[in-house]
Amino acid sequence: GQQLNQSPQSMFIQEGEDVSMNCTSSSIFNTWLWYKQEPGEGPVLLIALYKAGELTSNGRLTAQFGITRKDSFLNISASIPSDVGIYFCAGYYNTDKLIFGTGTRLQVFP
Amino acid sequence: DGGITQSPKYLFRKEGQNVTLSCEQNLNHDAMYWYRQDPGQGLRLIYYSQIVNDFQKGDIAEGYSVSREKKESFPLTVTSAQKNPTAFYLCASSIDRTTAFFGQGTRLTVV
């Protein structure tokens, strides 16, 4: 099936550093969603993007909907220990099918 | 409180048995989804439903079955035909293909 490629696969950073991750697809998407998942829990929605070029912030998080509609980016500024988790991108493909990226595992060291 | 409720949180199954995972939502969302997550992996789509009495196979539907008799409910049955059912199962609901919200998940273990 359709896949979303997410990179990097994992990141180990020091508290206070900025983080960038991205998600790419071979197909055009109409909506991009970014989620955070903590161990043993369901993913929690962070940011939703609906238009090509759109830039949306949620606190220290900023996400962008790529101009080509085939990619999206998530940035976290001034990371803190509670940012630890797995970040997933997701998108609506072929109108109704919601598919997910492979995830970026983030570790933050004090 | 509005939200999505999955039950049970932990489930143990003997080999050869069918088990049903519950997913209920009171958000009045039309669409519901089931995903499977293996350790260290992403979410893979099992089945999804846009309206009552209709559903579509996702990427890994073999060995699973669903029903959508009510808008609020989308139960998933893991059948004995699923050869490797041990996993974390997540249910989500969505409205108008804009956002999707998840339940807390059910961890299924075959013993």
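Criteria and cut-off values
Here, residues in each chain are numbered from 1, in the same order as that chain's written sequence. Each chain is given a letter, starting from A, and each ligand a number, starting from 1, according to the order in which they appear as written. Under the rules for a predicted model, residues below a pLDDT of 70 receive no local features and side-chain atom pairs below 80 are neither given nor counted, while totals for whole chains, interfaces and linings still include all residues. As a rule here, side-chain values come from all non-hydrogen atoms in the structure, and water together with hydrogens is ignored. Per the convention used, a helix needs a DSSP run of H or I reaching at least four residues, while a strand needs a run of E reaching at least two, with both numbered from the N terminus. Note that the radius of gyration is over C-alpha atoms, with the globule rule given as 2.2 Å times the number of residues to the power 0.38. Any two residues having at least one pair of non-hydrogen atoms within 4.5 Å are treated as being in contact. In short, Shrake-Rupley with a 1.4 Å probe defines the accessible areas, and a residue's cover is counted only from the protein chains shown. Defined in terms of a 1.4 Å probe, buried area is the accessible area two parts forfeit on being brought together, summed over both. The term salt bridge refers to a side-chain nitrogen of Lys or Arg lying within 4 Å of a carboxyl oxygen of Asp or Glu. Whenever two N or O atoms come within 3.5 Å, that pair is a polar contact, provided that in protein one can donate a hydrogen and the other can accept it, and provided that, for residues adjacent in sequence, both atoms are side-chain atoms.

Colleague: Could you clarify how one ought to interpret the overall build of chain B in this entry?
Modeller: Per the secondary structure count, chain B includes zero helices and eleven strands. Listing each helix as α and each strand as β along chain B from the N terminus yields β-β-β-β-β-β-β-β-β-β-β. Taking 13 Å as the expected radius of gyration for a compact globule of 111 residues, we find that chain B reaches 13 Å, a close match to that expectation. If you line up chain B on its principal axes, its C-alpha atoms span 40 × 25 × 25 Å. Contacts in chain B between residues at least 24 apart in sequence constitute 51% of all its contacts with a sequence separation of at least 6. Surface accessibility of chain B: about 5,400 Å² in total, with carbon and sulfur atoms responsible for 47%.

Colleague: Whenever I open this one, the interface of chain A and chain B confuses me. Can you help?
Modeller: The extent of an interface is frequently quoted as the accessible surface area lost upon association of the parts. Counting from both sides, the interface comprises 23 residues of chain A and, opposite them, 24 residues of chain B. Carbon and sulfur atoms supply 54% of the area buried between chain A and chain B, which totals about 1,800 Å² over both sides. When residues of chain A are sorted by the area they lose upon contact with chain B, Tyr92, Asp96 and Lys97 of chain A head the list and together hold 26% of the total. Taken together, chain A and chain B are joined by one salt bridge. As a salt-bridge pair, Asp59 of chain B and Lys97 of chain A come within 3.0 Å of each other at their nearest N and O atoms. Where chain A packs against chain B, one counts seven residue pairs in polar contact (both at pLDDT 80 or more).

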